[in-house]
Amino acid sequence: MTPSVNRLRPRRSCLAVPGSNPRFLEKAQGLAADQVFLDLEDACAPLAKEGARHTIVDALNNGDWTGKTRVVRVNDWTTHWTYRDVITVVEGAGPNLDCIMLPKVQDAQQIVALDLLLTQIEKTMGFEVGRIGIEAQIENARGLVNVDDIAAASPRVETIIFGPADFMASINMKSLVVGHQPPGYGADAYHYILMRILMAARANDLQAIDGPYLQIRNSDGYREVAGRAAALGFDGKWVLHPDQVELANEIFSPSQEDYDHAELILDAYDYCTSEAGGKKGSAMLGDEMIDEASRKMALVISGKGRAAGM
Ligand code: GLV
Ligand code: MG
């Protein structure tokens, strides 16, 4: 299979939309989220799932999703819904769909199974083979210990996503507030999990995405939790409410000051390595010494800034 998935799509804000709710599906199209994911899993009641598959196909084919990455979250492989979710949605709306999100991924075989099913559907329907990507949600201990294999399981994988609510339940974390520190532990209880996911993602050139923050009226809380993931290097975070969209877009974009500084570093480095600048490997920019590693750091900030339209 020649993959043509796009691992660099903007995903600062990934908006969750219940697949069974046509009103929310309509409203989502007007929001400034980088990505939308139409949900067949936890936001859809068991008795609503069958109907929601068709509601989603209709929304993907007839809605205006211009500028957004279009994703559908199916149910996980331990349920009996997964194969019909994938077949109905991809056969019905494949050309208008960018990725399938697979929740509660526990090992690489679950990714391989989805990859094979997607390939069969693409071939049967005459769609471009390998175009539809996979987003893998890590939501339990087994998924986390296997995350390196999961990230490398298929060229379709574009992102590794932390699912904090299910994850906290799966490890018996003593807190009911998703993303907040459990009382009684004097350090950051999420650090290991976030870093583990980030390393697996970066080692395979994938994006790393943080999951939901459920206190939708608490924008300070959202800032704090999203800021933690952004500081480590995550590419974006889920948004559950229109009010969280702008916050995510801002938090996962560089500040104007950092962006301007990154551009200065790139210009200064280009000059110092050029013939006119003496073909030097490093230079001073004010009080700061810059070299090839500085250029790489600056490229990350500048790339994110340009993608954000700065
Ligand atoms: C998301 O699916 C989560 O469980 O946090
Ligand atoms: Mg979950």
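Quick caveat: nothing in here was measured; it's all calculated off a predicted structure.

Visitor: Where do I start with the site of ligand 1 in this structure?
Guide: Lining the immediate environment of ligand 1, one finds Pro103, Gln137, Glu139, Gly163, Pro164, Ala165, Asp166, Gly211 and Pro212. When residues of the shell around ligand 1 are assigned to their parent elements, the largest contribution, three residues, is made by helix 7 (residues 164-170). Here the residues of the shell around ligand 1 are counted per class, giving four nonpolar, three polar and two charged.

Visitor: Hey, could you run me through helix 12 (residues 292-307) in this one?
Guide: Helical periodicity: at 3.6 residues per turn, an α-helix aligns residues three or four positions apart in one direction. Between its first and last C-alpha atoms helix 12 spans 22 Å; for 16 residues at 1.5 Å apiece the expected length is 22 Å, and the two agree. Among all positions in helix 12, only Ala298, Ile301, Ser302 and Lys304 are buried. Viewed end-on, helix 12 has its buried residues packed into an arc of 160°, placing them on one side of the element. Opposite the buried face of helix 12, by more than 90 degrees, sit the exposed residues Glu292, Ala293, Lys296 and Val300. Among the structural elements, helix 11 (256-273) are those in contact with the buried residues of helix 12.

Visitor: What's the story with the nonpolar core in this structure? I'm lost.
Guide: Of all hydrophobic cores here, the largest spans 72 residues; its most connected members are Val72, Ile100, Ala136, Ile160 and Ile197. When residues no more than four places from it in sequence are discounted, the contact partners of Val72 are Phe37, Leu38, Leu40, Ile56, Val89, Leu97, Ile100 and Met101. Grouped together as the second largest cluster of nonpolar side chains are seven residues, Ile265, Tyr269, Ala298 and Ile301 included.

Visitor: What is the right way to read the UniProt feature "domain: HpcH/HpaI aldolase/citrate lyase" (unreviewed entry) in the protein chain from this model?
Guide: UniProt annotation of "domain: HpcH/HpaI aldolase/citrate lyase" (unreviewed entry) refers to residues 12-242 when read in the numbering used here. Summarising residues 12-242: 42% helix, 17% strand, and an end-to-end C-alpha distance of 14 Å.

Calculation criteria
Residues numbered from 1 in each chain as written. Chains lettered and ligands numbered in written order. Predicted model: local features only at pLDDT ≥ 70, side-chain atom pairs only at ≥ 80, totals over all residues. Near = placed C-beta within 6 Å. Helix = DSSP H or I, 4+ residues; strand = E, 2+ residues; numbered from the N terminus. Nonpolar A, V, L, I, M, F, W, Y, C, P; charged D, E, K, R; others polar. Expected span 1.5 Å × (residues − 1). Buried ≥ 20, exposed ≤ 12 C-beta atoms within 10 Å, placed from the backbone. Arc of directions from axis to C-beta. Contact = placed C-beta atoms within 7 Å. Core = buried A, V, L, I, M, F, W, Y, C linked by C-beta atoms within 7 Å. UniProt positions renumbered as here; feature names shortened; annotations may be inferred.

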